[in-house]
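Coordinates in review
What follows is the residue order along each chain.
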Amino acid sequence: MNLAAIVWLVLMVVFLAMEASTVSMVSLWFAAGSLIALLTALAGGPAWLQTVLFLAVSAGLLLALRPLAKKYLAPKVTATNVDSIVGSTGLVTAAIDNVSASGQVKLGAMEWTARSTSGQPIPVGTLVKVDKIEGVKAFVSPAEVPANVT
């Protein structure tokens, strides 16, 4: 085996090892380019042809197949029930006071421990909007009450 073939083989192994450790779908295409350059070196092709084929195959596969691979191999993010609570409106059932770490809000059929997003106390009976969820706490702010049209 000639020196060029050994270099392409080593590069291919390095690219495959990088892909195995990162799964970023980038190094895989360079490993394929290295394989084509290795085969060209074994067939006796000149160094310039090996380099051109390596670059062309790597870039071509990267541009053509990476978007498809990411689309079909990316994990699907499934929204949970908690995601549907953010932005919803609830009713304060126990006064919310961040200083005393107290407060509850009823969201649908569930009672949640609540804290004020702004840090201001919120009295019982106030309609609130859920800004975010952290663990088992709902961070809320007073909801805008639409004016009654008469």
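In what follows, the structure referred to is the one given above.
Quick look at the structure, then. (Residues numbered from 1 in each chain as written. Predicted model: local features only at pLDDT ≥ 70, side-chain atom pairs only at ≥ 80, totals over all residues. Heavy atoms only, no water.)

**Observations regarding the overall build of the protein**
- In terms of helices and strands, the protein carries four helices and five strands.
- Across the protein, helices and strands are ordered from the amino to the carboxyl terminus as α-α-α-α-β-β-β-β-β.
- For 150 residues, the compact-globule estimate of 2.2 N^0.38 gives 15 Å, and the C-alpha radius of gyration of the protein, at 29 Å, exceeds that figure by more than 25%.
- When the backbone C-alpha atoms are referred to their principal axes, the protein occupies close to 85 × 40 × 25 Å. (Helix = DSSP H or I, 4+ residues; strand = E, 2+ residues; numbered from the N terminus. Rg over C-alpha atoms; globule rule 2.2 N^0.38 Å.)

**Quick word on the packing of helix 1 (residues 3-22) against helix 2 (residues 27-42)**
- In contact at an axis separation of 8 Å, helix 1 and helix 2 are set at 165° when each is read in the N-to-C sense. Between helix 1 and helix 2, the interaxial angle falls into the category roughly antiparallel. Taken as a pair, helix 1 and helix 2 cross one another with a handedness that is left-handed. Contact residues: Ala4, Ala5, Trp8, Leu9, Leu11, Met12, Phe15, Leu16, Met18 and Glu19 in helix 1; Ser27, Leu28, Phe30, Ala31, Ser34, Leu35, Ala37, Leu38, Ala41 and Leu42 in helix 2. (Axes fitted to C-alpha atoms, helices over the stretch in contact; angles between N-to-C directions. Parallel < 35°, antiparallel > 145°, perpendicular 65-115°, else oblique. Left-handed = near helix turned anticlockwise from the far one by under 90°. Contact = heavy atoms within 4.5 Å.)

**Notes on the sheet that holds strand 5 (residues 137-142)**
- Judged by pairing direction, the barrel is mixed, and its five strands sit side by side in the order 1-2-3-5-4 before closing back on the first. For this sheet, the mean inter-axis angle between neighbouring strands, taken without regard to orientation, is 50°.
- Pairing geometry for strand 3 (residues 110-116) and strand 5, over four bridges, is parallel. When the bridges of strand 5 are listed, serine 116 appears paired with valine 140. (Pairing = 2+ DSSP bridges.)

Worth remembering: the numbers are spatial, not functional.
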